[in-house]
Amino acid sequence: MQFIDLISQKNRIRTTLLQRIEAIVDHGQYIMGPEVAELESRLAAYTGSRYCVSCSSGTDALLMPLMAKGIGPGDAVITTPFTFIATAEVISLAGATPVFADIAPGTFNIDPDSIAAAVALARERGLNPKALIPVDLFGLPADYDRLEAVAADHGLWILEDAAQSFGATYRNRRAGSFGLAAATSFFPAKPLGCYGDGGAIFTDDEELDVLLRSVRVHGSGVDKYSNDRIGINGRLDSIQAAVLLEKLVIFDEELSSRQRVAEAYSSRLKGRLVVPEIPEGSVSAWAQYSLLASGEEERAAIMDRLRLEGIPSVIYYKIPLHLQKAFAFLGYREGDFPVSEEMSRRVFSLPMHPYLPEEEIGKICSVIASCF
Ligand SMILES: *Cc1c(COP(=O)(O)O)cnc(C)c1O
């Protein structure tokens, strides 16, 4: 059994995709060719954003807005410790300091009530709090109405980490449309993935769009060899854009299938385990289907039993970022973010993809039931 099945999906798009790839091989514009421009306008329309700047990965999609906005030494950027390392890594790469704020227990997303304390801590350490990076973890958008209000109170701008939530909605708006800018990832295992690395940034801010396009190509000015600022090589390949264009055709149907899988899991597993809580007005993109066991021992027992039955399961995330060796220099200790720490001891994720058959869902749920 696959944790994420990319083969069934590939079989659906194979013929038309190969035609598009063949056209690219022949036209020769291998990087940022016409497919990239086509993709950017499709993605902007999909999220309801004015501008979309595609780029080389989700990590670069997070880094580039920080660079474009001049985030650097002496600045603090507030984010969650319960996420993939890239969310906080880019803050350090920009030269600024990550300051963590704990998550809310039900949703795994940053708790709007924990932002004020993080801002105060940043100031105490002599830093200037400038921005907030909420993460739409496992595909569920963070609570943007409340986050936007708190961010405004503290003069922070928001960069939405929508790496896992492309396709999700929050109060009738698509993930990728919140904050000053949003970043998503097209890593193959994400809800919308390409066949390599890729990412995109969304914004309604015209000035930021221009700066991002410059940062993407080594800070280019009027042309490639006049450089106005420090940038990166953040371009997207035409072949990756073609893969994404073909996958977009079937994407909404895949989102409904993910929703069907999540509902099937939840109806069978609730009562035994804590199933995902989707707040009223939100629809998850179901990048992961993540559950809570009562504790570390119960989780280990369930995951062992699943493994014996050939069913893969994964822990996202075993070590919260404030306890990672890479961030030891920040000086956090165990106990600083109790909700994130508890979740890291209890959480685990089951196979989730649009092609998961009913029989496999049934088998997974009965194996879990047999553990109780
Ligand atoms: C995957 C991911 C990223 C990074 O995306 P890449 O394309 O792998 O660079 C950033 N943040 C979160 C929350 C992610 O899940």
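Remember, it's a predicted structure, so these values are computed and weren't measured experimentally.

S.K.: Lay out the overall build of the protein with the relevant residues and their values.
M.R.: Along its length, the protein carries 12 helices and 12 strands. Relative to its length of 372 residues, the protein is compact, with a C-alpha radius of gyration of 21 Å against a globular reference of 21 Å. In terms of overall dimensions, the protein has C-alpha extents of about 65 × 60 × 35 Å along its principal axes. Across the 372 residues that make up the protein, the buried fraction comes to 56%.

S.K.: Before we move on, could you go through the environment of Glu40 and cite the residues and values that matter?
M.R.: With respect to the element layout, Glu40 can be found in helix α2 (residues 34-47). Among the residues examined, Glu40 registers a relative accessible area of 10% and is labelled buried. Between the C-alpha atoms of Glu40 and Ala369, which are 329 residues apart in sequence, the distance is 45 Å. The residues contacting Glu40, other than those within four sequence positions of it, are Cys52, Val53, Ser54, Arg213 and Arg216.

S.K.: Break down the sheet that holds strand β10 (residues 282-283) for me, citing the residues and quoting the values.
M.R.: Read across the open sheet, the three strands follow the order β7-β6-β10; overall the sheet is antiparallel. Edge positions in the open sheet fall to β7 (173-174) and β10, since each of these has one partner strand only. Here strand β6 (residues 169-170) pairs with β10 via two bridges, running antiparallel. Residue pairing across strands places Thr169 opposite Val283, the latter belonging to β10.

S.K.: Explain the sheet that holds strand β9 (residues 199-203) to me, and be specific about the residues and the numbers.
M.R.: Two modes of strand pairing occur in sheets, parallel and antiparallel, and in both the strands are linked by backbone hydrogen bonds. Ordered by their spatial adjacency, seven strands build an open sheet running β1-β9-β8-β5-β4-β2-β3, and the pairing between neighbours is mixed. Of all the strands in the sheet, the pair left with one neighbour each is β1 (51-55) and β3 (97-100). Ignoring which end each strand starts from, the neighbouring axes of this sheet average 25° apart. Its contacts with the sheet put α2 on β1 and β9, and the angle it makes with β1 is roughly 130°. On top of the sheet, helix α4 (residues 86-93) reaches β2 (75-79), β3, β4 (128-133) and β5 (157-161); it is set at about 145° to β3, its chief contact.

S.K.: So what about the domain arrangement of the protein? Which residues, and what values?
M.R.: Where the parts come together, the accessible area they lose is often given as the size of the interface. Split into domains, the protein comes out as domain 1 (7-102 + 110-245) and domain 2 (251-369). Relative to domain 2, the C-alpha centre of domain 1 lies at a distance of 24 Å. Each partner contributes to the interface: domain 1 provides 39 residues, whereas domain 2 provides 35 residues. For the pair domain 1 and domain 2, the two sides together bury roughly 3000 Å², of which 62% comes from carbon and sulfur. For the pair domain 1 and domain 2, the number of links is one salt bridge. The interface formed by domain 1 and domain 2 contains 15 residue pairs in polar contact (both at pLDDT 80 or more).

Reading the values: rules and limits
- Residues numbered from 1 in each chain as written.
- Predicted model: local features only at pLDDT ≥ 70, side-chain atom pairs only at ≥ 80, totals over all residues.
- Heavy atoms only, no water.
- Helix = DSSP H or I, 4+ residues; strand = E, 2+ residues; numbered from the N terminus.
- Rg over C-alpha atoms; globule rule 2.2 N^0.38 Å.
- Buried < 20%, exposed > 50% of the residue type's maximum accessible area, 1.4 Å probe, protein only.
- Contact = heavy atoms within 4.5 Å.
- Pairing = 2+ DSSP bridges.
- Axes fitted to C-alpha atoms, helices over the stretch in contact; angles between N-to-C directions.
- Domains from an automatic or database assignment.
- Buried area = accessible area lost by both parts, 1.4 Å probe.
- Salt bridge = Lys/Arg side-chain N within 4 Å of Asp/Glu carboxyl O.
- Polar contact = N/O pair within 3.5 Å; in protein donor to acceptor, adjacent residues only side chain to side chain.

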